[in-house]
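Structural overview for review
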Amino acid sequence: MKCKSCKNKLINKLKKDGMKNNEKSKRLESNYPTVEEVNSNNGPFSKNVYAKGLLGYGWKLSIPNDRKLYYSINYNNLTDTSYDGYEFITPKNGLKDDIINFFNDLSKIINIEFIESQAETLNDLYNEATLLISFSDDSKSDLDGSYGYAYLPLANQLNSPDLVGIVWINHGSKFKLEDWSPGSYNWITIVHEVGHALGLKHPHDSYSDYYPTFPEVSEYNPYADLGKNKENMHPLTVMGYTDLESPYVPKNKNGSGWCKGFGTIDIYVLQLLYGKSDKNTGDTIYTIPTLNDDSIFWEAIWDTSGNDTITGENHTDALVIDLRSATIKNNKKFAGSKLTTSKKILNESQTGNKFFGFTIAKSVNIENAIGGNGNDKILGNKSNNQITSTAGNDLINGFKGYDTVIINDIFDNFIIRKKSKKLTVLKRRGKGGRRVKIKNCEKIIFTDREYII
Ligand SMILES: [Zn+2]
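Residues numbered from 1 in each chain as written. Predicted model: local features only at pLDDT ≥ 70, side-chain atom pairs only at ≥ 80, totals over all residues.

Brief notes about the overall build of the chain
Inclusion rule: Segments assigned H or I by DSSP are reported as helices when at least four residues long, segments assigned E as strands when at least two residues long, and all are numbered from the N terminus. With C-beta atoms placed from the backbone, a residue is buried if 20 or more other C-beta atoms are within 10 Å of its own, exposed if 12 or fewer are, and partly exposed between those counts. We call two residues in contact when their backbone-placed C-beta atoms lie within 7 Å.
Along the chain, the regular secondary structure elements total eight helices and 23 strands. The buried share of the chain, reckoned over its 453 residues, is 49%. For the chain, contacts bridging at least 24 residues in sequence account for 67% of all contacts bridging at least 6.

A word on helix 7 (residues 264–274)
The element helix 7 is largely enclosed, with a buried count of 11 among its 11 residues. When we look at burial in helix 7, the residues that qualify are Thr264, Ile265, Asp266, Ile267, Tyr268, Val269, Leu270, Gln271, Leu272, Leu273 and Tyr274. In the core, the buried residues of helix 7 are packed alongside helix 3 (49–54), strand 2 (59–61), helix 6 (185–198), strand 9 (298–301) and strand 13 (357–360). After helix 7 finishes, the residue Gly275 shows a positive phi value of roughly 90 degrees.

Observations regarding the sheet that holds strand 15 (residues 377–379)
Operational definition: Should DSSP find at least two bridges between two strands, the strands are taken to pair.
Strand order in the open sheet formed by seven strands is 12-11-15-17-21-20-19, and the pairing between neighbours is mixed. The open sheet terminates on both sides in strands that have one partner only, identified here as strand 12 (341–342) and strand 19 (414–419). Here strand 15 pairs with strand 17 (residues 395–397) via three bridges, running parallel. Across the sheet, Ile378 pairs through a bridge with Ile396, a residue of strand 17.

Examining unusual backbone geometry
Look at the link from His234 to Pro235: it is a cis peptide, with omega at 5 degrees. Assignment of secondary structure puts Pro235 in the loop between helix 6 and helix 7. A positive phi angle, close to 65 degrees, is found at Arg67, a residue other than glycine. Structurally, Arg67 can be placed in the loop between strand 2 and strand 3 (68–73). C-beta crowding within 10 Å serves as the criterion here: with 15 such atoms nearby, Arg67 is assigned to the partly exposed category.

Things to note about helix 4 (residues 95–107)
This is how it is decided: For a helix, the expected span equals 1.5 Å multiplied by the number of residues minus one. Here the arc refers to the set of directions running from the helix axis out to each C-beta atom.
The end-to-end C-alpha distance of helix 4, which contains 13 residues, comes to 18 Å, matching closely the 18 Å that a straight helix rising 1.5 Å per residue would cover. Those residues of helix 4 lying buried are Leu95, Ile99 and Leu106. Projected down its long axis, helix 4 carries its buried residues within an arc of 45 degrees, all on one side. Taken together, the buried residues of helix 4 touch strand 3, strand 4 (113–116) and helix 6.

What about the sheet that holds strand 8 (residues 285–287)?
Our working rule: Inter-axis angles, ranging from 0 to 180 degrees, are taken between N-to-C directions of lines fitted to C-alpha atoms, where helices are fitted over the stretch in contact.
Strand order across the open sheet formed by seven strands is 8-10-14-16-18-22-23, with mixed pairing between neighbours. Edge strands, defined here as strands with exactly one partner in the open sheet, are strand 8 and strand 23 (450–452). In this sheet, adjacent strand axes meet at a mean angle of 15 degrees when their direction is disregarded. Pairing analysis gives four bridges linking strand 16 (residues 386–389) to strand 18 (residues 404–407), with the strands arranged parallel. The partner of Gln386 across the bridge, within strand 18, is Thr404.

Description of the environment of Lys338
Within the secondary structure, Lys338 is located in the loop between strand 11 (319–322) and strand 12. Measuring from C-alpha to C-alpha, the distance between Lys338 and Phe358 comes to 8.5 Å, with 20 residues separating the pair along the chain. Not counting the four nearest positions on each side in its chain, Lys338 is found in contact with Asp322, Arg324, Thr359 and Ile360.

Observations regarding the environment of Asn127
Tracing the sequence through the fold places Asn127 in helix 5 (residues 122–128). Accessibility expressed as a C-beta count within 10 Å gives 17 for Asn127, which makes it partly exposed. When the C-alpha atoms of Asn127 and Tyr70 are compared, they prove to be 9.9 Å apart, with 57 residues separating the residues in sequence.

Looking at the pairing of strand 20 (residues 422–427)
As judged from the six bridges shared by strand 19 and strand 20, these two strands associate in the antiparallel manner. Paired with Arg417 across the two strands is Thr424, which belongs to strand 20. Connecting strand 19 to the next strand, strand 20, in antiparallel fashion are two residues, including Ser420 with a positive phi near 45 degrees. Pairing analysis gives five bridges linking strand 20 to strand 21 (residues 435–439), with the strands arranged antiparallel. Note that in strand 21 the partner of Leu426 across the bridge is Arg435.

Comments concerning the environment of Asn368
By the secondary structure assignment, Asn368 is in strand 14 (residues 368–370). Taking the C-alpha atoms as reference points, Asn368 and Asn307, 61 residues apart in sequence, are found 7.6 Å from one another. Apart from the residues lying within four places of it in its own chain, the contact partners of Asn368 are Asp308, Thr309, Asn385 and Gln386.

Here it is in structure tokens:
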């Protein structure tokens, strides 16, 4: 990933060359966009190294009271060549719908209602849309070999509001990548640039002590430094440049398995900036993708209520399912995010170019887990969990709360060995022997009876 977002030189260049004088004032006359200062010296930003590390130089978009923020794609095709003198490319089939879905989903994560502008004149579009997302390529525009660029909502753009919210994506053939589906290498450019437009900076850029890099990430080594606790990488943030260096994503750009949306750290910081919204309020089931699925990806779960389940049912890979939500604390591996994925991926021994998994955003409670056919490790959280051991030699730890293990079989097929609070449940050999090790759980439910531990 290379992106020009923070190159002030470029901003100055575009200010000088690109803007047509007769268009300069249109967005200035409208109510949007405006920017407001965010103080990182006190309040929640001052206490968290990741908040400071992603906060874009102390400024964010100012969202009106009705929380609506309009976006457009390729200026609603209202102009053949755009304002920077750049030429549009029509995004690949289906990509526009994917972007609309992405914004609809984001409206449920942060307290902004993203709406696609339906403006029918350029003037109306300028007056309405804050985020202007466009596709072009190097042969038609000065994208300088980058995957895309965006303008952060910065104070020095107050006098040039035409720049705020502008995003360009390089849709050129240069990269020879066909796949633009969520989870592809192309796709993460879009998420990354929208992150900039909303006010996130790179974790490897620093600007005074108040807007530092992530811990132990060097400004001079942005493509390789994963940070002190491997936090500068997918699936925790999409805002870095280490997208090929993370051990948990493909090693080449033709793969599939980067983030579908923002990572756990990104969500935490965006919610500090804009507040939280409600998502998946019913009983939601999150199915762990398999390598046979076409487009696969990492997804950070944001779920605000209901009795929810992560399931690996029918999965043949050995899985790690971890129901603990991200803490976003310094000095914790992955900034306190837990990865639910296959053991091979977690152990960094996955070969091939497909990766997948879930993380759980801070403060989210997922209650239940269902294992697959492999030898799974299933970890609960501090609430009352229900953990189903389907097959294989599973290892289950319920941690705090009143936790129940479900075994879809009759009690008589098993032998139970108890040693203090640890339990080993052995399925008799003649019945297709297997072993389930259980820690910190309070009850087992067999199909014909319950066993209180
Ligand atoms: Zn960038």
